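In case you want the letters, here they are:
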Protein chains: 2
Amino acid sequence: MNGQRPERRRGRRKSQEDRGTSKREVNYRQLKNPFATMDVFAVDQIAHMHESALRLLEEMGIRVLLPEARDIFAKAGARVSDDDMVYIGRDIIESAIATAPKSIECRAGARNRDFVLELGSLVFQPGAGAPNATDLVKGRRPATGQDYIDFLKMTHHFDVFQMVSPQVEPQDIPPHERHYFTTKAQVELTDKFPFFFSRGTPQVMECFEMLCMSRGLSDETFRAAPHSYTIINTNSPRTLDIPMAQGLIDFARMRQMSIVTPFTLMGAMAPITVAGAITLSHAEAMAAIALTQLVSPGALICYGTFTSNVDMKSGAPAFGTPSHFQASLAAGQLARFLGLPWRSAAGSASNSNDIQAANENQFGLWGCLLAGASVVIHSAGWLEGGLTVSFEKMICDAEVLNMVAELCAGAQAGADEIGYDTALTQVAPSGHFFDAPQTMERYQTAFYEPFLHDYANFGTWTERGAQDANQRATALWQDIVANSPAPEPKASGLNDLHRFIERRISEGGAPPES
Amino acid sequence: MNGQRPERRRGRRKSQEDRGTSKREVNYRQLKNPFATMDVFAVDQIAHMHESALRLLEEMGIRVLLPEARDIFAKAGARVSDDDMVYIGRDIIESAIATAPKSIECRAGARNRDFVLELGSLVFQPGAGAPNATDLVKGRRPATGQDYIDFLKMTHHFDVFQMVSPQVEPQDIPPHERHYFTTKAQVELTDKFPFFFSRGTPQVMECFEMLCMSRGLSDETFRAAPHSYTIINTNSPRTLDIPMAQGLIDFARMRQMSIVTPFTLMGAMAPITVAGAITLSHAEAMAAIALTQLVSPGALICYGTFTSNVDMKSGAPAFGTPSHFQASLAAGQLARFLGLPWRSAAGSASNSNDIQAANENQFGLWGCLLAGASVVIHSAGWLEGGLTVSFEKMICDAEVLNMVAELCAGAQAGADEIGYDTALTQVAPSGHFFDAPQTMERYQTAFYEPFLHDYANFGTWTERGAQDANQRATALWQDIVANSPAPEPKASGLNDLHRFIERRISEGGAPPES
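This structure is a prediction, so every number in the text was calculated from the model and none was measured. (Residues numbered from 1 in each chain as written. Chains lettered and ligands numbered in written order. Predicted model: local features only at pLDDT ≥ 70, side-chain atom pairs only at ≥ 80, totals over all residues. Heavy atoms only, no water.)

## Focus on the interface of chain A and chain B
Piece 1. Tallying the contact residues gives 117 residues for chain A and 116 residues for chain B.
Piece 2. Buried surface at the junction of chain A and chain B, both sides included, amounts to about 9,800 Å², of which 66% is carbon and sulfur.
Piece 3. When residues of chain A are sorted by the area they lose upon contact with chain B, Lys313(A), Phe447(A) and Tyr455(A) head the list and together hold 9% of the total.
Piece 4. In this structure, the connection of chain A to chain B is made through two salt bridges.
Piece 5. As a salt-bridge pair, Glu449(A) and Lys313(B) come within 3.0 Å of each other at their nearest N and O atoms.
Piece 6. Summed over the shared surface of chain A and chain B, the result is 38 residue pairs in polar contact (both at pLDDT 80 or more).
Piece 7. No other element matches helix H12 (residues 355-370) of chain A, which puts nine residues into the side of chain A that touches chain B.
Piece 8. Here the side of chain A that touches chain B is composed, by residue class, of 59 nonpolar, 39 polar and 19 charged. (Contact = heavy atoms within 4.5 Å. Buried area = accessible area lost by both parts, 1.4 Å probe. Salt bridge = Lys/Arg side-chain N within 4 Å of Asp/Glu carboxyl O. Polar contact = N/O pair within 3.5 Å; in protein donor to acceptor, adjacent residues only side chain to side chain. Helix = DSSP H or I, 4+ residues; strand = E, 2+ residues; numbered from the N terminus. Nonpolar A, V, L, I, M, F, W, Y, C, P; charged D, E, K, R; others polar.)

## Focus on the relation of the copies chain A and chain B
Piece 1. Least-squares fitting of chain A to chain B yields an RMSD of 0.0 Å, with the superposition described by an axial translation of 0.0 Å and a rotation of 180°. Such a combination of turn and shift is consistent with a two-fold rotation axis. Every residue of chain A has its C-alpha some distance from the rotation axis, and the shortest such distance is that of Ile355(A), at 2.6 Å. (Least-squares fit on C-alpha atoms with pLDDT ≥ 70 in both.)

## Describing the sheet that holds strand S15 (residues 306-310) of chain A
Residue and element names in this part refer to chain A.
Piece 1. Strand order in the open sheet made by the three strands is S13-S15-S16, with mixed pairing throughout. Because the sheet does not close on itself, it has two edges, and the strands there are strand S13 (263-266) and strand S16 (317-318).
Piece 2. Contacts between helix H11 (residues 322-338) and the sheet are confined to S13 and S15, with S15 contributing the most and set at about 155° to the helix. (Pairing = 2+ DSSP bridges. Axes fitted to C-alpha atoms, helices over the stretch in contact; angles between N-to-C directions.)

## Brief notes about the UniProt feature "transmembrane region" (unreviewed entry) in chain A
All names here are of chain A.
Piece 1. Mapped onto this structure's residue numbering, the UniProt feature "transmembrane region" (unreviewed entry) falls at residues 259-280 and 286-306.
Piece 2. In this annotation, residues 259-280 is assigned 32% helix and 27% strand; the end-to-end C-alpha distance for the span is 17 Å.
Piece 3. Taken end to end, residues 286-306 is 48% helix and 24% strand, and its first and last C-alpha atoms sit 14 Å apart. (UniProt positions renumbered as here; feature names shortened; annotations may be inferred.)

## Describing helix H6 (residues 178-189) of chain A
Residue and element names in this part refer to chain A.
Piece 1. The end-to-end C-alpha distance of H6 is 16 Å, a good match for the 16 Å that twelve residues give at a rise of 1.5 Å each.
Piece 2. Counting buried residues in H6 gives nine out of twelve residues, a clear majority hidden from the surface.
Piece 3. Turning to H6, its buried residues are Arg178, His179, Tyr180, Thr182, Thr183, Ala185, Gln186, Val187 and Leu189. (Expected span 1.5 Å × (residues − 1). Buried < 20%, exposed > 50% of the residue type's maximum accessible area, 1.4 Å probe, protein only.)

## Considerations on the sheet that holds strand S13 (residues 263-266) of chain B
All names here are of chain B.
Piece 1. Strand order in the open sheet formed by three strands is S13-S15-S16, and the pairing between neighbours is mixed. Here the strands that pair on one side only, and so sit at the sheet edges, are S13 and strand S16 (317-318).
Piece 2. Strand contacts of helix H11 (residues 322-338): S13 and strand S15 (306-310), with the helix running at about 155° to S15, the strand carrying the most contacts.

## So, the packing of aromatic side chains
Piece 1. Per the counting criterion, the structure on display carries 47 aromatic pairs over all chains.
Piece 2. For the ring pair Phe35(A) and Trp366(A), a centre distance of 5.1 Å and an interplane angle of 75° mean the geometry is edge-to-face. Of this pair, Phe35(A) sits in the loop between strand S1 (31-32) and helix H2 (43-60) while Trp366(A) sits in helix H12, placing them 331 residues apart in sequence.
Piece 3. Connected via pairs of aromatic rings, a cluster forms that spans Phe35(A), Phe325(A), Phe363(A), Trp366(A), Phe35(B), Phe325(B), Phe363(B) and Trp366(B).
Piece 4. Note that Arg140(A) overlies the ring of Phe458(B), its terminal NZ or CZ placed 4.0 Å from the centroid.
Piece 5. Taking NZ or CZ as reference, Arg79(B) lies 4.0 Å from the ring centre of Tyr87(B), over its face. (Phe/Tyr/Trp six-rings, centres within 6.5 Å; stacked < 30°, edge-to-face > 60°. Lys NZ or Arg CZ within 6 Å of the ring centre and 35° of its normal.)

## Here we look at the state of the cysteines
Piece 1. One pass over the structure, following the stated rule, counts zero disulfides over all chains.
Piece 2. Left without a disulfide partner, Cys302(A) is nearest to the cysteine sulfur of Cys106(A), which lies 8.4 Å away.
Piece 3. Left unpaired, Cys396(A) is separated from the closest cysteine sulfur, that of Cys396(B), by 14 Å. (Disulfide = S-S within 2.5 Å.)

## Thoughts on the packing of helix H4 (residues 90-99) of chain B against helix H10 (residues 274-295) of chain B
Residues and elements named next belong to chain B.
Piece 1. Two elements in contact, H4 and H10, have axes separated by 8 Å at closest approach and are oriented at 70°. In terms of orientation, H4 lies roughly perpendicular with respect to H10. Judged by residue contacts, Ile92, Ile93, Ala96, Ile97 and Thr99 of H4 engage Met286, Ala287, Ile289, Ala290, Gln293 and Leu294 from H10.
Piece 2. Here the contact of H4 with H10 is built from residues that sort into nine nonpolar, two polar and no charged. (Parallel < 35°, antiparallel > 145°, perpendicular 65-115°, else oblique.)

## A short note on the confidence of the model for chain A
Piece 1. Of the residues in chain A, 95% reach a pLDDT of 70 or more, and the chain-wide mean stands at 94.
Piece 2. Of the regions scoring below 50 in pLDDT, residues 1-20 of chain A engages in 50 contacts with residues more than four places distant in sequence or in other chains. (pLDDT = per-residue confidence, 0-100.)

## Observations regarding the packing of H11(A) against helix H13 (residues 391-408) of chain B
Piece 1. Running from N to C, H11(A) and H13(B) cross one another at 45°; their axes reach a closest spacing of 9 Å. For the element pair H11(A) / H13(B), the angle class is oblique. Between H11(A) and H13(B) lies a crossing whose hand is right-handed. Note on element contacts: H13(B) touches H11(A) through Met403(B), Glu406(B) and Leu407(B), opposite Pro322(A), Phe325(A) and Gln326(A). (Left-handed = near helix turned anticlockwise from the far one by under 90°.)

The structure is reproduced here in structure tokens:
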């Protein structure tokens, strides 16, 4: 089950009965990128960018706000100045790149949800980290715990989302209890690979503990493979702040995965050129990777970049632009230069789930796909440059991602598919192939069946209420939220989890650190 | 001028004044495809498809309804049976492929509108051939002459449309006068490469005559290079009807260009598999190409395919699907196998200009781009699988095409772009690059500026009326239709044209033939 068709509209079901139900099954859970990677820069230019990044770290350094992190760098031979600047020699970076794993086996809550992150793999995440949620029923509002849960159900529903993302911030949950809420939701409502924020060691360690007790993982099993991940954003340019540095250290120590992503906008916190911005991003990512490898050689780290541009007239962020696309291509070239799995991002600057939002998101997505990104974050639902996640947009973008997943499955052109005797010679000139032998064999599984896109003709569509895709998406997400099944619960682990959370909240919880 | 910003909304202009007007200029008129071509089938499978197509033409034949065309095939040695079937030997096909040109220099009304069609070039056309037009003001209706004119102004406005397409059928113009109307509009309102329908020799020859007199072309000049083109659809499976065969002959004789496009839907008028459908389409295209080369070796012919799938539950056509994408890839492989320039198509099945329409169109577009299509037809505005062209969708899709054109321009990563001394070392940790020397040098030209996409924040966007992209598109196309300049007229030629049309209409016009 791809889980892509939660509900069928009544009008449609009737005409479907003629030919029965499709039995099409395509594995969306472990995808390989079928697209040739595209280069935007020449090989020597990429080498020059890498050299420039190494030189920047050596000569100009990076500001590291966490004393423990500065000590780790200093112990490895980096020069540390009084103003918290760390000057990292290329030997440290080169050793780190050498020990960083080229392939990471991510362990989810069920074996058929596991996946591998490496160059060539293709993993999607829904839009992440937004303070607001929006839908056509309730409009735009600060996101709540209920929104978090509802988005999580949608993430679980679509196989094409292989990882859970921190979709929206549940703002009605107190910050010192929020990690209990989000961890409980992740283990109860999905068996996909979970996400934990790096908001200080106390919260992170509690998240690990809760995951282990609810999924029945021994400490040894937990540390033997990544069972969770975090996302680390540098404060570009050239600053690594306290919780981010602490997260890199904590996740490395426990052998869980960090995705390191400088998030920069060309012309604002990064140079105005793709080459300059990606050189800066590359330097920052390598500094963060170095920290993890100094903590624990072989620590699980995913290289990352999320670089788009601002509108130079207004300073406003833009996404899904040609420069965003080229930045993804350049980052992909540098990731391949290092040999590491890497994440990129789609997304949209639009203020509503409209055609701009669709076109920006898909345009940025193709940048990621042709850049050979191992993980595409914000691949669905992300509006306003990340200030809002939209329920309807999650649905609309998931349809596109499903179609991309279908392309990963490829196609065949053997004698059976060409069908010289079963199709081509079976139909007279100007005839039709509806009942050719080849058609009869394959009609139930031949084509991807959309859950949102509507092929009714104009008359039928008008009779049914002339709803556009945005309007139709509302009923689809409402049905998923109400009816889509959660994974089988592991009762004993969950009881332990509930007791743990109750106790910790009564003890005052764990405030985030910054 | 790319012509992509006909109007600025008042609210925006204010904030733009701070930093002046962009001087960005990118040539959208002659594009080279920057994307690596993608293969869906192995090389031996493509060879097997080609062999199967040759065998189909030899053993099963193609029905040719025009006696003159059958005679041409017979004279070349093809067997013709009493039921109008023509059995074409592979020697005829192979000779035709050998003489068909690999590169075609298309001559527009002005030299800076000329372009070359070959493998690797990239030309866009707006959606074509629809009986209906739609917009948010007047709704969906049978298209009129005014709609034809308004769409033509939009085609002229955007540099990214290098060819004119037969956008909508002006149904209020009598069929025997319609070609006067559309030719007059094309020569008066644009200097781009014009399109003529193949609706019988009388209309076609009059179109050629009108074009020559209005653009001041001698017969010799006209025949020396293609100054116009037609699109030839076979009646799949395996029928070439009278006006289409006549068009191939007429355009070949006058050395004008035919784009041969079997338009098929997998599971309906073509086999249910990509391999089978494209084998059929390939056979039909080669038969049509053979006819042109028998008429005039070296006749200007563009290979083509437009193959998508039906919904097997309802039989409804679908576009922008994974199968459509793969069909484009397969057709591109066969075009490269032959070495010929070729056309493919985007498009949408949606009933309104909505998110489905955007996502289908862009998904299909990426199929064409990765398939290495030389011409992408229906790249903007096409709804309902071709029954309607939408004014707002033309605007929305043109934004995406402009962004693709920007990618064609590539990017640089020399020392100036990396900007070690002018940007990377000029900004302190956590600072910003707004006034770095590199930024100041480049801010006016760094980024593509959208004409539709809006980067305002949610508050500003809401204050301005919370218009989505579809609603904003209305003002944009209205402005183009009202204000976008037409090319300089050539008065003498146009006077001749007007007199010719007046006379021919008074003589009864020229009815289409079928």
